[in-house]
Amino acid sequence: MVAFGKKLKENQIEEWREYYIDYKFLKKKVNRYTQQIDVGAENQLYVLKDFSRMLDCQIEKIVLFLIQQQGLLASRLLNLGEEHDALLQQSDGSKIPELREAYRVVGHDLLKLLFFVEMNATGLRKILKKFDKRFGYRFTDYYVKTRANHPYSQLQQVFKHVGIEAVVGAISRNLADLQDHEGNYISIYDQPSLSHPDPIIDSIRAAVNKLSNSTNFLEYLGKHAFIIQEELPTSSEESFIEQNYHFMSLLLNLVNTFLYMVNTYIIVPTADNYSLRLGAAATVCGVIIGSMAVAQLFSSIYFSAWSNRSYLRPLVFSSIILLAGNTLYALAYDLNSISVLLIGRLFCGLGSARAVNRRYISDCVPHKLRMQASASFVSASALGMACGPALACLLQTNFKIYKLTFNEDTLPGWVMAFLWLAYLLWLWISFREPSRETKELVPQQTNSGLFVNDGAVESGSTQPLLLKSEAENQDEATYQELEDGDEDSEGSHEPVTSIVSAYRLLTPSVKVQLFIYFMLKYAMETLLAESSVITGYYFIWSTSSVAIFLACLGLTVLPVNVLVGSYISNIFEERQVLLASEIMVCIGILLSFNILIPYSVPQYVGSALITFVSAEVLEGVNLSLLSRVMSSRLSRGTYNGGLLSTEAGTLARVIADGTITLSGYLSESRLLNATLLPSLFICISSIVATCLTYNSLY
């Protein structure tokens, strides 16, 4: 049976070549179309229809071959299942290793089929982009719109891989049944932890997850962190990462994320009172809150660059700067200086190491744990956002030690300074700088169709030892001409070296999604930063009331992500959720205006809840889409996709905080409507932009 499986694999290598998408032929057709249009021999309508027909034929060939191969695998599994049943009836354990190896051979062939699907999907995306670039109109939008949503869609077969999960399930169940469970035959359905009892199943699952568009809560949170997933790592690279993985260092990065978010929001309930006590207007709270974001615009860049060389040093520097910044923020009260207060907040912004936290997860966490780590990054941020105002609520006291005042205005600074000092000591003692040797020893390469070392399987090792087989190398040679012959900007996998180069890699749909990110951050910052001023003017809320309100808003983040990640995203397309969330943000902003009727607490709280929750949903869906369509060149280096999204969001916060301060000159009675008008305009603009690029959000 083993020999039969290997012989079948060898025979298929040459046969499969004719079923790959004919990229060179399609590329020549695009060049010929260009020449014909230039001389007036053909019109664009004919080109559109003719090229669509050729793509339909190519995809039909791929899909029919894919279905045929799935049928062959299913037939082999059916025969193996009959042998399995016969062995169970005979209670003959001597043939179990041979049968188990036969199932692994089927798993190897399934990996080869997954690699075949990935190469064709990549080739299809490349030729669609090339056509759009050459002719200057959105053929991709037209083709995807007319093909993907059709009831007989073959395009969906390429991207959804219908039927593969059933094959994976059959292999997984039977391999689990064939394991020695001390005489107890436990089904994977009764004990889900046995779903991946064999390294070949881990490799198959990794390949399927890379190709699949289905989401769950963990994956949704991971994409919310916008840590772009690169190609699956090679076996030696992944082994190196696993050997150097240090859980305590990861935990320290997550704690850094949590403390920074606490530091950001702990001053929001008291910023207006603090500015009044220092002789400034209440609306100067916008400058106090926004000064941290201004500094973060610059700190994100140098921390991202610094993380190319070290992780410990930038984290130590971040902790020291934040310690100094919070101390200055607290001392400003006794010095009676608004300047010292603003300098302290600028220092806090200069200590923003979120770029380092993201980079550490991307580079130093094993691939199998990266999604969990990304989800933890989002959870830490959300928890910090809720704990900041809640902690401010607990600091309602007033006393002096020598000449230092400790009250509701200064205690946030003193408490955060102490927490950063404790964190600095913990960091210095426990953090382990990861080795950088893997970047030099292991070249980057595509590794989707990985095969398992049979020797490792026989020895009982549970760690996947992934090696490239001769079959995979021949498959890669088949597809190498796609990479060699493609002169598009994405043909190079080197990281970009400047912000201008990064901007040039952004497609129109990506630019729209970054604008959406800017919009939602602007709306959220406006709501949060002016909350103490608005509630104090209209409802005479105390600092404790404002803190509780903001903490309750922050606590909605994780439940909303559970709802979207586990349910809504599995029912609706992400682009549908994206547009619906934008509309809900717009409705929340409209309901926030103070027009005609007296402003009431239910109106403010209800509209704020709609705006904030909708913006949170929008942020997760938007970053999830961005993580898929962003160029692979932006997945690493200094000017990566995470930096671009961070800069867009931080710029939005800076402008929103500046708007609050400038609107304060109109008087507090006009502050609410004056700050909501820009939010409404930006929100409507983003909805229009989304509608214009809706078909490209695939």
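Definitions and cut-offs
Residues numbered from 1 in each chain as written. Predicted model: local features only at pLDDT ≥ 70, side-chain atom pairs only at ≥ 80, totals over all residues. Heavy atoms only, no water. Helix = DSSP H or I, 4+ residues; strand = E, 2+ residues; numbered from the N terminus. Buried < 20%, exposed > 50% of the residue type's maximum accessible area, 1.4 Å probe, protein only. Contact = heavy atoms within 4.5 Å. Patch = residues over 30% accessible without salt bridge, like charges linked within 9 Å, V, L, I, M, F, W, Y side chains within 5 Å. Areas by Shrake-Rupley, 256 points an atom, 1.4 Å probe, with all protein chains shown as cover. Salt bridge = Lys/Arg side-chain N within 4 Å of Asp/Glu carboxyl O. Core = buried A, V, L, I, M, F, W, Y, C linked by side-chain atoms within 4.5 Å. Lys, Arg positive; Asp, Glu negative; His and termini not counted. Charge placed at Lys NZ, Arg CZ, Asp CG, Glu CD. pLDDT = per-residue confidence, 0-100. Phe/Tyr/Trp six-rings, centres within 6.5 Å; stacked < 30°, edge-to-face > 60°. Axes fitted to C-alpha atoms, helices over the stretch in contact; angles between N-to-C directions. Parallel < 35°, antiparallel > 145°, perpendicular 65-115°, else oblique. Left-handed = near helix turned anticlockwise from the far one by under 90°. Polar contact = N/O pair within 3.5 Å; in protein donor to acceptor, adjacent residues only side chain to side chain. Expected span 1.5 Å × (residues − 1).

Undergrad: Any chance you could break down the overall build of the protein chain for me, citing the residues and the numbers?
TA: Assigned secondary structure in the protein chain consists of 30 helices and four strands. Among the 698 residues that make up the protein chain, the fraction classed as buried is 55%. For the protein chain, contacts bridging at least 24 residues in sequence account for 83% of all contacts bridging at least 6.

Undergrad: Give a detailed account of a nonpolar patch on the surface, specifying residues and quantitative values.
TA: A cluster of nonpolar side chains, V294, F298, Y302, F317 and L346, forms an exposed patch at the surface whose accessible area comes to about 410 Å². At three residues, the largest contribution of residues to the nonpolar patch is made by helix α13 (residues 285-306). Here F298 shows up in helix α13. Overall, F298 belongs to the exposed group, its relative accessible area being 54%.

Undergrad: Report on the environment of I96, specifying residues and quantitative values.
TA: If you trace the backbone, I96 turns up in helix α4 (residues 96-135). Judged by its relative accessible area of 21%, I96 is partly exposed. On a C-alpha basis, the gap between I96 and L178 in space is 6.8 Å, while along the polypeptide they are 82 residues apart. Ignoring anything within four residues of it in the chain, the contact list for I96 reads L87 and L178.

Undergrad: An account of the nonpolar core is needed here, citing residue identities and associated values.
TA: Ranked by internal contacts, the top residues of the largest apolar core, which has 118 residues, are M385, Y423, L427, F431, V585, I589 and F612. The dominant element in this core, judged by the number of residues it contributes, is helix α23 (residues 508-529), at 14 residues. Beyond its immediate chain neighbours, meaning those up to four positions away, F431 contacts S249, L252, N253, Y311, L312, L315, Y360 and W426. Of all hydrophobic cores here, the second largest spans 47 residues; its members include I62, A102, F116 and L178.

Undergrad: Describe a negative patch on the surface, with residues and values.
TA: Among the surface-exposed residues, E82, E83, D85 and E98 lie close enough to one another that they form a single negatively charged patch. At three residues, the largest contribution of residues to the negative patch is made by helix α3 (residues 44-90). Mapped onto the fold, E83 is located in helix α3. Residue classification places E83 among the partly exposed positions, given a relative accessible area of 33%.

Undergrad: Give me the lowdown on the confidence of the model for the protein chain, citing residues and values where you can.
TA: With 74% of its residues at a pLDDT of 70 or more, the protein chain has an overall mean of 78. Long-range and interchain partners of residues 1-13, a stretch whose pLDDT sits below 50, account for 25 contacts in this model, where long-range means more than four residues apart. Between residues 438-492, whose pLDDT stays under 50, and residues either more than four places distant or in other chains, the model counts 119 contacts.

Undergrad: Can you tell me about the packing of aromatic side chains, naming the residues and giving the values?
TA: Counting across every chain of the model gives 26 aromatic pairs. With centroids separated by 6.5 Å and ring planes inclined at 80°, the aromatic side chains of W541 and Y604 adopt a geometry described as edge-to-face. In this pair, W541 sits in the loop between α24 (531-538) and α25 (543-555) while Y604 sits in helix α28 (residues 601-629), placing the two residues 63 residues apart along the sequence. Taking the relative accessible area as the measure of exposure, Y604 reaches 4% and is therefore buried. One aromatic cluster in this structure is built from Y537, Y538, F539, W541, F549, Y599 and Y604.

Undergrad: Explain the pattern of salt bridges to me, using residue names and the numbers behind them.
TA: A side chain of one charge can pair with a side chain of the opposite charge when the charged atoms of the two come close. In this structure the tally under the stated criterion is eight salt bridges. For the salt bridge of R359 with D363, the shortest nitrogen-to-oxygen distance reads 2.8 Å. Residue R359 and its partner D363 are both found in helix α16 (residues 354-364); the two are separated by four residues, about one turn of the helix. Note on accessibility: R359 and D363 belong to one class, buried. Between E619 and K521 there is a salt bridge, and its shortest N-O distance comes to 3.4 Å. Residue E619 is found in helix α28, and its partner K521 is found in helix α23; the two are separated by 98 residues along the sequence. Here E619 falls in the buried class, since its relative accessible area comes to 7%. Using a relative accessible area of 19% as the deciding quantity, one classes K521 as buried.

Undergrad: How would you summarise the packing of helix α11 (residues 247-265) against α16 if you had to cite specific residues and measurements?
TA: The interhelical angle for the contact between α11 and α16, taken along N-to-C directions, is 150°, at an axis separation of 10 Å. Here α16 runs roughly antiparallel to α11, going by the angle between their axes. The handedness of the crossing between α11 and α16 comes out as left-handed. Contact residues: S249, L250, N253, L254, N256, T257, Y260 and M261 in α11; R354, V356, N357, Y360 and I361 in α16.

Undergrad: For the environment of G536, give the residues involved together with the corresponding values.
TA: Residue placement: G536 occurs in helix α24. We classify G536 as partly exposed; its relative accessible area is 31%. Note: C-alpha distance between G536 and D272 (264 residues apart in sequence) is 9.5 Å.

Undergrad: Tell me about the side chain of N357, residues and numbers included.
TA: Take N357: it is sitting in helix α16. Reaching out from N357, the side chain makes a polar contact with the side chain of N253 at a distance of 3.0 Å. If we skip the residues at most four places from it in the chain, N357 touches N253, N256, T257, L315 and F377.

Undergrad: Explain α23 residue by residue, including any values.
TA: Taking 1.5 Å per residue as the helical rise, α23 with its 22 residues ought to reach 32 Å, and the 31 Å between its terminal C-alpha atoms agrees with that figure. The element α23 is largely enclosed, with a buried count of 19 among its 22 residues.

Undergrad: Give a detailed account of helix α29 (residues 641-663), specifying residues and quantitative values.
TA: Helix length check: α29, at 23 residues, gives a terminal C-alpha distance of 33 Å against a target of 33 Å (1.5 Å per residue), a fit within 8%. Most of α29 is tucked away: 19 of the 23 residues are buried.

Undergrad: Residue-level account of unusual backbone geometry, with values.
TA: The backbone of N336 shows a phi angle near 50°, a positive value even though the residue is not glycine. Along the polypeptide, N336 turns up in the loop between α14 (312-335) and α15 (338-350). Here the phi dihedral of L596 falls at roughly 70°; this positive angle occurs in a residue that is not glycine. Mapping L596 onto the fold places it in the loop between α27 (574-592) and α28.

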